[in-house]
Amino acid sequence: MTCTIVVGGFFGDEGKGKIVAHIAHRDRPSIISRGGVGPNAGHTVTVGEKAYGVRMVPSGFVYKDARLMIGTGVLVDPRVFIQEVDLVGVKGRIFVDQRCAVIDEDHIRRDKGSEYLAKKIGSTGTGCGPANADRVLRVARLAKEVPELAEFLIDVPREINNALDAGQSVMLEGSQGFGISLYFGTYPYVTSKDTSASQVAADNGVGPTRIDEVMVVYKAYPTRVGEGPFSTEMTSERSQTLGIEEFGTVTHRPRRIGVWDGEMAKYSMMVNGGTQAAITGIDRVDKECFGATGYQQLTRKAKSFIESAELDIGAPITLISTGPDVSHIIDLRDEM
Ligand code: IMP
Ligand code: MG
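Everything quoted here is computed from the prediction, not taken from an experiment. (Residues numbered from 1 in each chain as written. Chains lettered and ligands numbered in written order. Predicted model: local features only at pLDDT ≥ 70, side-chain atom pairs only at ≥ 80, totals over all residues. Heavy atoms only, no water.)

Draft legend 1. Layout of the overall build of the chain. A count of helical and extended segments in the chain gives eleven helices and 14 strands. Considering the chain as a whole, with its 336 residues, one finds that 58% of them fall into the buried category. Partitioning the intrachain contacts of the chain with sequence separation of at least 6 by distance along the chain shows that 75% fall at a separation of at least 24. For the chain, the centre of its 38 positive side-chain charges and the centre of its 43 negative side-chain charges are spaced 2 Å apart. (Helix = DSSP H or I, 4+ residues; strand = E, 2+ residues; numbered from the N terminus. Buried < 20%, exposed > 50% of the residue type's maximum accessible area, 1.4 Å probe, protein only. Contact = heavy atoms within 4.5 Å. Lys, Arg positive; Asp, Glu negative; His and termini not counted. Charge placed at Lys NZ, Arg CZ, Asp CG, Glu CD.)

Okay, structure coming up:
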């Protein structure tokens, strides 16, 4: 009976999708709903041999017993949405709030065609910035005006609050990371909206008093795509030596890679009001930890990394991801 928010504590791509999928299978929420900006997000969820990259469908879709929703504050690109719904086969259990603002072709043109957004900021070119600007200017179209979305429309805040009243669990998944929050990130090298837990709650019409758990997700080696400051960034020679290489799910651009940033981890925990933390990529700290499912299987090196990260964060690290598959995880939540 919990309402849980999952958000990213660094610059995005911390592996929130995989954490959401894991928590969903364990906690059996009746609704999994997306907060965050829109289709600029890319979540990769790996189940067995298959890797799915989704931008609109909540990454919790792999848990088949939940209804899936897109919160009121999230931008919807109808073309991307409909294509993904078919691709991952979630028709009949996915819904969109009728008041979501819509991304039109013109928004994409303005995003990609803008020297400032595309070049200086390094936007994803998915139209999110211009669409959010139009929403603020009150000229954006809403989902209820798009005929192709008619069959998906719902009142997301009402559905979620009713589920909570009925004693069911709900998961709210954020997108992007703390460092690219419009308010708290490295402005102007940020996305077009706040990305913290309060925003994810607001996106779904869930008041602060109804949230029980905020899980902040960190990765052992943080990454950043696009432009902007990244204080712990390493040289590409160093990351090659470590054997780390990553590419964006949406843009396929190489991700910049850094080392653990304790200051940032602490600050993002504070603003998010995190109650627990998850850490991904422990198999990169020590290859021997790949696929581990119990804390005792971790090496000394990995354990000391986790212990020192926990001191930085100031909250318990209850989920430890040791590889890409949903099964590659250590869950310490029962031991709390
Ligand atoms: P926009 O959100 O497309 O306007 O891009 C603004 C900045 O946020 C760029 O640096 C993007 O690379 C970054 N960004 C936006 N969405 C994501 C995401 O889901 N993961 C990582 N970076 C993102
Ligand atoms: Mg991503």
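Draft legend 2. Up close: the coordination of the magnesium ion (ligand 2). Every protein donor of the magnesium ion (ligand 2) is listed here as D13 (OD) and G42 (O), and their distances to the metal cover 1.8 to 2.2 Å. Placement of D13 in the loop between β1 (3-8) and α1 (16-27) and of G42 in the loop between β2 (31-34) and β3 (43-47) is noted, with a sequence separation of 29 residues between them. Residue classification places D13 among the partly exposed positions, given a relative accessible area of 23%. (Donors = N, O, S within 2.8 Å, 3.2 Å for Na, K, Ca; no water.)

Draft legend 3. Representation of the site of ligand 1 in the model. Taken together, 16 residues are adjacent to ligand 1, and N40, T124, T191, V225 and R253 come closest. Between an oxygen atom of ligand 1 and a side-chain N or O atom of T124, the distance comes to 2.6 Å. (Near = heavy atom within 4 Å. Polar contact = N/O pair within 3.5 Å; in protein donor to acceptor, adjacent residues only side chain to side chain.)

Draft legend 4. Region of interest: the layout of surface pockets. Considering only enclosed or pocket space, the second largest pocket measures out at about 230 Å³ in volume. Along the wall of the second largest pocket there are 15 residues; nearest its centre are S236, S239, I244, R255 and I257. Put simply, the parts of the chain that give the lining of the second largest pocket at least two residues each are α8 (236-242) and β11 (256-257). In terms of residue count, the dominant contributor to the lining of the second largest pocket is α8 (three residues). Residues belonging to the lining of the second largest pocket are distributed by class as follows: five nonpolar, five polar and five charged. (1 Å grid on protein atoms, 1.4 Å probe; cavity = no way out; pocket = protein on both sides within 12 Å on 5 of 7 lines; lining within 4 Å. Points joined across faces, edges and corners; volume = space filled by probe spheres on them. Nonpolar A, V, L, I, M, F, W, Y, C, P; charged D, E, K, R; others polar.)

Draft legend 5. The arrangement of helix α6 (residues 156-165) in detail. For α6, the complete set of buried residues consists of V156, P157, I160, N161, A163 and L164. Projected down its long axis, α6 shows its buried positions confined to an angular sector of 155 degrees, all on one face. α6 presents R158 and D165 as exposed residues on the side facing more than 90 degrees away from its buried surface. The elements touched by buried residues of α6 are β1, β2, β5 (67-70), β6 (94-97), β7 (153-154) and β8 (170-177). (Arc of directions from axis to C-beta.)

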